[in-house]
Amino acid sequence: MTRCDEPTAPGLARLEAWGLARCPLRDLPRLEPIAAQLTQAFTDGRPAAFHSYLDAADALTAYALTFAPQTYARVAAALTGILARLPAFPEGRPLRVLDLGCGLGSATLAARDCLAPRTLAPTCVDWSAAALQAVTELIPGVRTQRADLRAFVPERQAYDLIVVSFAFNEAFPDPIAAEAALRRWVDALTPDAPAFLLILEPADRANAPRLHALARELADCPIYAPCPHRAPCPLFPARDGVCHDVRRFRPARPLILLSRKIRRTVSDVKFALLALGRPGGPEAEGFGHPDFLRLTGPMDKAKGVLTCRVCMGDGASRRLEIPVAALSAERRHALLGRQRGDCAWLDGPLDTRKRLVADTVQRAADLRFTDEPPPTLDDLDDFAFSID
Ligand SMILES: C[S@@+](CC[C@H](N)C(=O)[O-])C[C@H]1O[C@@H](n2cnc3c(N)ncnc32)[C@H](O)[C@@H]1O
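Residues numbered from 1 in each chain as written. Predicted model: local features only at pLDDT ≥ 70, side-chain atom pairs only at ≥ 80, totals over all residues. Heavy atoms only, no water.

Glancing now at the overall build of the chain. Along the backbone of the chain there are twelve helices and 16 strands. Against the 2.2 N^0.38 benchmark of 21 Å for 388 residues, the chain shows a C-alpha radius of gyration of 21 Å, consistent with a compact globule. With the principal axes as the frame, the chain shows a C-alpha extent of 65 × 45 × 40 Å. Within the chain, counting contacts between residues at least 6 apart in sequence, those at least 24 apart form 73% of the total. Positive and negative side-chain charges in the chain, numbering 48 and 47 respectively, have mean positions lying 5 Å apart. (Helix = DSSP H or I, 4+ residues; strand = E, 2+ residues; numbered from the N terminus. Rg over C-alpha atoms; globule rule 2.2 N^0.38 Å. Contact = heavy atoms within 4.5 Å. Lys, Arg positive; Asp, Glu negative; His and termini not counted. Charge placed at Lys NZ, Arg CZ, Asp CG, Glu CD.)

By nearness alone, 20 residues border the ligand, and Tyr-63, Thr-71, Gly-101, Asp-126 and Ser-165 come closest of all. Between Gly-103 and the ligand, the recorded distance is 3.4 Å, taken from a backbone N or O atom to an oxygen atom. The contact in question runs from an oxygen atom of the ligand to an N or O atom on the side chain of Ser-165, over 2.6 Å. When the free accessible area of the ligand is taken as 590 Å², the share hidden by the protein chains comes to 99%. Broken down by class, the residue content of the shell around the ligand amounts to eleven nonpolar, five polar and four charged. (Near = heavy atom within 4 Å. Polar contact = N/O pair within 3.5 Å; in protein donor to acceptor, adjacent residues only side chain to side chain. Areas by Shrake-Rupley, 256 points an atom, 1.4 Å probe, with all protein chains shown as cover. Nonpolar A, V, L, I, M, F, W, Y, C, P; charged D, E, K, R; others polar.)

This part takes up helix H10 (residues 253-262). In an α-helix, one turn spans 3.6 residues; hence positions three or four apart end up facing the same way. Of all the positions in H10, only Pro-254, Leu-255, Leu-257, Leu-258, Ser-259 and Ile-262 are classed as buried. Arg-263 occupies a position one or two residues after H10 and carries a positive phi of about 55°. (Buried < 20%, exposed > 50% of the residue type's maximum accessible area, 1.4 Å probe, protein only.)

On to the packing of helix H1 (residues 10-22) against helix H3 (residues 57-65), then. Two packed helices can be described by the angle between their axes and the distance between those axes. H3 packs onto H1 with a crossing angle of 145° between their chain directions and a minimal axis gap of 8 Å. As for how H1 packs across H3, the hand of that crossing is left-handed. Together, Leu-15, Glu-16, Trp-18, Gly-19, Leu-20 and Arg-22 of H1 and Ala-57, Leu-60, Thr-61, Ala-64 and Leu-65 of H3 make up the contact between the two elements. Residue composition of the contact of H1 with H3, grouped by class: seven nonpolar, two polar and two charged. (Axes fitted to C-alpha atoms, helices over the stretch in contact; angles between N-to-C directions. Left-handed = near helix turned anticlockwise from the far one by under 90°.)

Quick look at the nonpolar core now. In terms of nonpolar packing, the biggest core is built from 66 residues, with Leu-79, Leu-104, Phe-196 and Leu-198 touching the most fellow members. Broken down by element, the residue count for this core peaks at ten residues, all from helix H4 (residues 67-83). (Core = buried A, V, L, I, M, F, W, Y, C linked by side-chain atoms within 4.5 Å.)

By secondary structure assignment, the location of Glu-201 is in strand S5 (residues 196-201). Side-chain polar atoms of Glu-201 contact the backbone nitrogen of Ala-167, separated by 3.5 Å.

Many authors give the size of an interface as the accessible area that is lost as the parts come together. One can read the domain layout of the chain as domain 1 (10-277) and domain 2 (292-387). Taking only C-alpha atoms, the centre of domain 1 and the centre of domain 2 are 31 Å apart. Around 1500 Å² of area is buried between domain 1 and domain 2 when both sides are counted, 49% of it from carbon and sulfur atoms. Where domain 1 touches domain 2, the interface holds two salt bridges. Notably, a salt bridge pairs Arg-294 with Asp-245, separated by 2.2 Å at the nearest N-O pair. Our count for the contact surface shared by domain 1 and domain 2 stands at eight residue pairs in polar contact (both at pLDDT 80 or more). Ranked by the residues each element gives to the side of domain 1 that touches domain 2, the list is headed by strand S7 (residues 245-248), at four residues. Grouping the amino acids of the side of domain 1 that touches domain 2 by side-chain chemistry returns eleven nonpolar, two polar and five charged. (Domains from an automatic or database assignment. Buried area = accessible area lost by both parts, 1.4 Å probe. Salt bridge = Lys/Arg side-chain N within 4 Å of Asp/Glu carboxyl O.)

Inspection of every chain in the model, using the stated rule, returns seven aromatic pairs. Geometrically, the ring pair formed by Phe-168 and Phe-172 is tilted, given 5.6 Å between the ring centres and 40° between the ring planes. Residue classification places Phe-168 among the buried positions, given a relative accessible area of 0%. Measuring from centroid to centroid gives 5.6 Å for Phe-172 and Trp-185, while their planes differ by 75°, and the two rings are edge-to-face. You can see Phe-172 sitting in the loop between helix H7 (168-171) and helix H8 (175-187) and its partner Trp-185 sitting in helix H8, a full 13 residues away along the chain. For Phe-172, a relative accessible area of 1% gives the class buried. For Trp-185, a relative accessible area of 1% corresponds to the buried category. (Phe/Tyr/Trp six-rings, centres within 6.5 Å; stacked < 30°, edge-to-face > 60°.)

Across all of its chains, the model carries 23 salt bridges by this definition. Residues Arg-319 and Glu-321 are paired through a salt bridge, measuring 3.1 Å at the closest nitrogen-oxygen approach. For Arg-319, a relative accessible area of 38% puts it in the partly exposed group. A salt bridge links Asp-371 to Arg-338; the shortest N-O distance between them is 3.0 Å. Here Asp-371 is found in the loop between strand S16 (366-369) and helix H12 (377-387), whereas its partner Arg-338 is found in the loop between helix H11 (329-336) and strand S13 (343-347), with 33 residues between them in sequence. Under the relative-accessibility criterion, Asp-371 is labelled exposed at 53%. The class of Arg-338 is buried, set by a relative accessible area of 16%. Counted as one network, the salt bridges with shared partners bring together Asp-245, Arg-247, Arg-294, Arg-331, Arg-338, Asp-342, Asp-366, Asp-371 and Glu-372.

This part is about helix H9 (residues 207-217). All of the buried residues in H9 are Asn-207, Ala-208, Arg-210, Leu-211, His-212, Leu-214 and Ala-215. On its buried face, H9 sits against H7, H8, S5, strand S6 (223-225) and strand S8 (268-277).

The structure is reproduced here in structure tokens:
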């Protein structure tokens, strides 16, 4: 799999080159007010005529240099995590990807890099003709379709991956229409494992519960992200309980320059997400397992332990503690580098995997993240020994 979290990733480089060809670095101040306007519109509610925000040439360019790279980073991070827990896509044919509310197609660019060397047969759908024109310039061989997502019915059982990035709430504020759309989309997934639908939205108090409620309605579809279980979300009752991912991001120069005036941090990306498999599809690795977890907070240092909030496969929210004494400096550093949204198995001998303080604290000697190699035979011997 290609690393798609580097600024040099092919999709990011393509977006930047496309944007700078339309507005070189020295002319970027021209885009500053437009970038600020777009940011305000995205964060402070959307005006009535919001659907035309990508029509002006400079708006598209500002989007390509600011939001599109962040979309790329969000989708690449989400896909990398989900793909690590699923069986491989079928070989011998291009993977069919549908990008709904595609904007500049940056979700498709991320999918293309994450799934390389597999080739994609991508279809991008949006109601903005200007956005679709840009997509054809950015993604060679793409099929585009101009349509209103509320009326768009994709071909049944046709797609390996359907992505809807920061377009779902915009197109489906009404909950009944939202659920019907989700049903249409999961029905458009191929019967081949591990086809899935991925929706990303801003990380706020409304989106995470909304996506969670939709997952409950589609109970016949396996959940691939964010929850490693089907229990009610243990985070919602908590005061800071917005279920979301946070991923470090190394912005390229145009984004740094354009975000100076906006005063927004761009060194990480945050997002709420939902990934559902096709009805009756396979479960993701670790789903429902009491030794499996998802980080729901940052990894921190405390006295003698590394600690982090986690959502467990048994549906509980716990504080995780990993004693540091037995860890090498390198391993501590690696664990501290883990981010909100990463998934892992409790690791180490069974007697170190303890639940403490009325089941609210989970202790483990270490974790094995889903992107780390599976245990070797030696590890399994240790494990067998600890059972005796
Ligand atoms: C915030 S942008 C996100 C674009 C892209 N997916 C991304 O993440 O960078 C929302 C996109 O959804 C499109 N959109 C919103 N409502 C739509 C609808 N009802 N039908 C088709 N496209 C829609 C907009 O034109 C816009 O391109």
